[in-house]
Amino acid sequence: MRGLGKGVAVLAVLLFCLGPALWILVTSLKSPGLVDDRPPSLLPDLQLDSYRIALARRGFLRSIGNSLVVAGAATVLTVAMASLAAYPLSRMRRGWRGPVLGLVLAASMFPQISIAGAVYRMLMGMGLLNTHIGLVLPYTGLMLPLAIWMLTSFFSRLPRELEEAAMVDGCGPWTIVWRIFAPVAAPAVFTTAILVFIYSWNEFFFALLVMTDPVMQTVPVAIAKFPGQYRVPWGELSAAAILAVLPLTVMVLLLQRRIVSGLTAGTTKG
Amino acid sequence: MRAGRIGLPMMLPALVFLCGFLVYPVLSTAINSLYHDSPVTGREYCGLDNYGRLLQDEQALRTVEFTFIFALSSVALEMVAGVLIALAINRVITGKGFIRAAVILPWAVPTVVAAVMWKYVFNDQYGILNYALFGDSLEMYRAWLARPVTARLAIIAADVWKASSFVALIALAGLQSVPRELLEAARIDGAKAVKRFFFVTLPLIRPALLVALLFRVMDAFRVFDLVYVMTQGAPAEKTSVMQYFGYLKMFPEQQYGYGSAVSVLVFLVIALLSVALVRTMGRRAVAK
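Residues numbered from 1 in each chain as written. Chains lettered and ligands numbered in written order. Predicted model: local features only at pLDDT ≥ 70, side-chain atom pairs only at ≥ 80, totals over all residues. Heavy atoms only, no water.

The subject of this paragraph is the overall build of chain B. Along its length, chain B carries 12 helices and 2 strands. When its C-alpha atoms are laid out on the principal axes, chain B stretches across 75 × 75 × 30 Å. The buried share of chain B, reckoned over its 288 residues, is 57%. In chain B, the proportion of contacts linking residues at least 24 apart, taken out of those at least 6 apart, comes to 66%. Accessible surface computed for chain B: about 12,800 Å², of which carbon and sulfur atoms make up 65%. One way to put it: in chain B the 27 positive side-chain charges average out to a point 14 Å from where the 18 negative ones average out. (Helix = DSSP H or I, 4+ residues; strand = E, 2+ residues; numbered from the N terminus. Buried < 20%, exposed > 50% of the residue type's maximum accessible area, 1.4 Å probe, protein only. Contact = heavy atoms within 4.5 Å. Areas by Shrake-Rupley, 256 points an atom, 1.4 Å probe, with all protein chains shown as cover. Lys, Arg positive; Asp, Glu negative; His and termini not counted. Charge placed at Lys NZ, Arg CZ, Asp CG, Glu CD.)

Counting its secondary structure elements, chain A contains 12 helices and 0 strands. Overall size of chain A, expressed as C-alpha extent along the three principal axes, is 75 × 65 × 30 Å. Buried positions account for 57% of the 270 residues belonging to chain A. At a minimum sequence separation of 6, the contacts of chain A that also span at least 24 residues come to 74%. Summing over all exposed atoms, chain A offers an accessible surface of approximately 11,500 Å²; the carbon and sulfur share of this is 69%. With 21 positive and 11 negative side-chain charges, chain A shows a separation of 7 Å between the mean positions of the two kinds.

We now examine the environment of V211(B). Residues and elements named next belong to chain B. Structurally, the position occupied by V211 is in helix 9 (residues 193-220). The exposure class assigned to V211 is buried, which follows from its relative accessible area of 6%. A C-alpha to C-alpha distance of 34 Å links V211 and L129, two positions 82 residues apart in sequence.

All right, on to the environment of F221(B) then. Residues and elements named next belong to chain B. Summarising the element assignment, F221 is placed in the loop between helix 9 and helix 10 (225-230). Expressed as a C-alpha distance, the spacing of F221 and F68, which sit 153 residues apart in the sequence, is 7.3 Å. Apart from residues lying up to four places away in sequence, F221 is in contact with T67, F68, A71, M242, V269, I270 and L273.

Enumeration according to the criterion identifies 8 salt bridges over all chains in this entry. We note a salt bridge from R52(A) to D49(A), for which the minimum N-O separation is 3.7 Å. Linking R52(A) with D49(A), this pair stays in helix 3 (residues 49-56), spanning 3 residues, or about one helical turn. For R52(A), a relative accessible area of 55% gives the class exposed. Residue classification places D49(A) among the partly exposed residues on the basis of a relative accessible area of 22%. Taken together, the salt bridges that share partners define one network made up of E78(B), D159(B), R216(B), D219(B) and R222(B). (Salt bridge = Lys/Arg side-chain N within 4 Å of Asp/Glu carboxyl O.)

Its 30 residues give helix 9 (residues 173-202) of chain A an end-to-end C-alpha distance of only 38 Å, which falls more than 12% under 44 Å, the value for a rise of 1.5 Å per residue. Considering bend angle alone, the principal kink of helix 9 of chain A is centred on A182(A) and spans about 60 degrees; proline P183(A) follows within four residues of it. (Expected span 1.5 Å × (residues − 1). Bend = angle between axes of the 7 residues up to and from the residue.)

This part covers the packing of aromatic side chains. Counting across every chain of the model gives 29 aromatic pairs over all chains. Ring geometry for F205(A) against Y247(B): centres 6.2 Å apart, planes inclined by 70 degrees, an arrangement best described as edge-to-face. One end of the pair, F205(A), is in helix 10 (residues 205-210); the other, Y247(B), is in helix 11 (residues 242-250), on a second chain. Summarising the burial analysis for this pair, F205(A) and Y247(B) share the class buried. (Phe/Tyr/Trp six-rings, centres within 6.5 Å; stacked < 30°, edge-to-face > 60°.)

Moving on to the confidence of the model for chain A. Chain-level statistics for chain A give a pLDDT mean of 84 and a share of 96% at 70 or above. Of all secondary-structure elements in chain A, the lowest mean pLDDT belongs to helix 5 (residues 94-107) of chain A, at 76, while helix 10 of chain A reaches the highest, 94. (pLDDT = per-residue confidence, 0-100.)

Our next topic: a nonpolar patch on the surface. Together, L12(B), L15(B) and V16(B) give the surface a local cluster of nonpolar side chains, amounting to about 270 Å² of exposed area. Checked against the element boundaries, V16(B) lands in helix 1 (residues 4-32). (Patch = residues over 30% accessible without salt bridge, like charges linked within 9 Å, V, L, I, M, F, W, Y side chains within 5 Å.)

Position of D225(B) among the secondary structure elements: in helix 10. The buried charged residue D225(B) lacks any salt bridge, with K162(B) as its nearest oppositely charged partner at 8.3 Å.

Next up on the list: unusual backbone geometry. In the segment running from A234(B) into P235(B), the intervening peptide bond is cis, with an omega of -5 degrees. Among the secondary structure elements, P235(B) is positioned in the loop between helix 10 and helix 11. At N130(A), a residue that is not glycine, the phi angle is positive and equals roughly 60 degrees. In this structure, N130(A) sits in the loop between helix 6 (113-125) and helix 7 (132-155). With relative accessibility at 24%, the residue N130(A) sits in the partly exposed group.

Moving on to the interface of chain B and chain A. Every contact between the two is made by 94 residues of chain B and, on the other side, 99 residues of chain A. In this assembly, chain B packs against chain A so that about 9,000 Å² is buried in total across both faces, 78% of it on carbon and sulfur atoms. Counting every contact that joins chain B to chain A gives 0 salt bridges. When residues in the side of chain B that touches chain A are grouped by element, the largest group, 17 residues, is from helix 1 of chain B. Of the residues in the side of chain B that touches chain A, the class split is 69 nonpolar, 16 polar and 9 charged. (Buried area = accessible area lost by both parts, 1.4 Å probe. Nonpolar A, V, L, I, M, F, W, Y, C, P; charged D, E, K, R; others polar.)

Following this line, the structure appears as structure tokens:
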């Protein structure tokens, strides 16, 4: 009886989490005529027309390319700087670490609009609107606090004994960081990189402001601005949505353990 | 501090970046909020005029109101749904990897995509909700997103779908650190499941839930993507939120000075909330 209840609960969870996504998947696999059926048909006729149109006519592949470049570059830049900053923070005395981390956490909660105007003018002044770098820079600024917070929480769980031993042996501080600490810290850095990548891939607000040229649009902007003039092409839009989610789904399936450990960094005792 | 000598140089790049892309823009926005600045008026110092206008702008105040309604109701629902999901999938053995991946999915999906999905669910002609409720009676189909109350509920529903999974993942990590022996002992002492949850499990996962709550509250007050995609504030600005309103003023309408004042207001609301929340509950989590 208990097993049955648990099974029903799990099914309900799956339906809740996957339901809307499944409905979009079904829609994306319908032929254009079937999409317009009323009432909607629950089963697709398994045609790939919508995908073909989304990819070819609407240049969706280019948006995926833009997103890959921007999110990839922002991830590398963010994680590199955050790792450097998180190491000394994680080795700081406890009395100091609390307030500093509190500030970092507060910075990660800045609403985008409070910096949007000034950042926009800055980028315009530098001629960086509608360029990849023009989006990479604000993303790095936005993601840094979160990355520092996560990495500091990861790093402070790593034992200090190795570093202390190396110091006794006369290694300089940079040698300790690169030769002793970096190899141990690599998994934490990788985990943080996954999360920063997902957040950058999904970011919409700044992408909307900076990438006004359709050629430069990232995936979220392309999808948000997808609707045609008078009616929404739901089939193509669904196909685009599925394509946008595909890379993330693969990442989630392969890397779920790391994603969860990144999300819960700093919320439970290690 | 052992790393003292290299601590500052290591932190320097991040510090410079944070100053350039967070601190400077916020200060610059604050200064600009003291100017009339739009293509029509040109740029002219005006003291607190923009704030005076903001306090009398009924449309602005309505967006603040809905932002609070949205944030409070969606976060409350997400906390409950998240814990329920975590309880349901905790200690499931068959298909564990698949189930966990399914729970992460809503969190990983771009908010814009989630908004498109839900817009389609609530669609007046092809929406699955209309079909589920009214089947073949097409004349009964409702335009959910065209009415104030249902449009608001739709946006909340989309957020609850997307963010419950975040809460669930954090709650699940908390649940897995609850020692089995404790629950077993409570069971032997005759405590029923509900009682075991409230008196054993909940106190133990509370710190993790508080951090989830903090993140969710801050995030919910910044809602933008859902509104932009699902309703653009319609009908009659009833679903407009603070960040969307600020975006409209600052960019499409090019009222840079007034938009800056709106931005400062949004910043202050979120800053005050985050200070209050961190002070009351974040400290414990940070101190660890």
